[in-house]
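So you can see what is in the structure, the chains are spelled out below.
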Amino acid sequence: QGFMPTGARNDDDETEEQHKDVDQGKRGRRHLPNCSAMQGDRCDKSCAQRFQEMDVERLGGTGEERHLNEERRLAHVAATRAKKQTGIY
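Predicted model only: the values in this text are computed from it and were never measured. Note on numbering: residues in each chain are counted from 1, in written sequence order. Only residues with pLDDT of at least 70 are given local features in this predicted model, and only at 80 or more are side-chain atom pairs given and counted; all residues enter the totals for whole chains, interfaces and linings. Excluded from the side-chain calculations are hydrogens and water; all other atoms, namely the structure's heavy atoms, are used.

## Considering the nonpolar core
As a rule of thumb, nonpolar side chains are buried together in soluble globular proteins. Here, the term nonpolar core denotes a set of buried Ala, Val, Leu, Ile, Met, Phe, Trp, Tyr and Cys residues that are joined through side-chain atoms within 4.5 Å. Each residue is placed in one exposure class: buried if its accessible area under a 1.4 Å probe, protein chains only, is under 20% of its type's maximum, exposed if it is over 50%, and partly exposed if it falls in between. Residues Leu-32, Cys-35, Ala-37, Cys-47 and Phe-51 constitute the largest nonpolar core, which totals five residues. It only takes one pair of heavy atoms within 4.5 Å for two residues to be counted as in contact. Look past the residues within four positions of Cys-35 in its chain and what remains in contact with it is Cys-43, Asp-44, Lys-45 and Cys-47.

## Describing helix α1 (residues 47-59)
An ideal rise of 1.5 Å per residue puts 18 Å on 13 residues; α1 measures up with 18 Å between its terminal C-alpha atoms. Buried within α1 we find Cys-47, Phe-51 and Asp-55. The arc that holds every buried residue of α1, seen down its axis, measures 65°, which confines them to one face. More than 90 degrees from the buried face of α1, the exposed residues found are Gln-52 and Glu-57. The secondary structure listing takes helices from DSSP runs of H or I that are at least 4 residues long and strands from runs of E that are at least 2 residues long, numbered from the N terminus. Contacts from the buried residues of α1 go to α2 (63-86). Just beyond α1, the residue with positive phi is Gly-60, at close to 80°. To estimate how far a helix should extend, the number of its residues minus one is multiplied by 1.5 Å. Here the arc refers to the set of directions running from the helix axis out to each C-beta atom.

Right, dumping it as structure tokens:
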């Protein structure tokens, strides 16, 4: 993506630079307190799925749905401002 992102960010996409100090097995992941990944093993509690479900419930929709809603909102604001500046509104 260029200067202005046009697509929804994938929560799994992360760069090496962002996590160069973090253990390879746990990079960018959230885990429940009783998950084996907290001790350096593999995740045994399906933490990613559980946190994703919590985010959908808390934030209202998937990341892509929220991104599309924000794009619609910004397009509406731009159209409304354009109408006001041209005297149509």
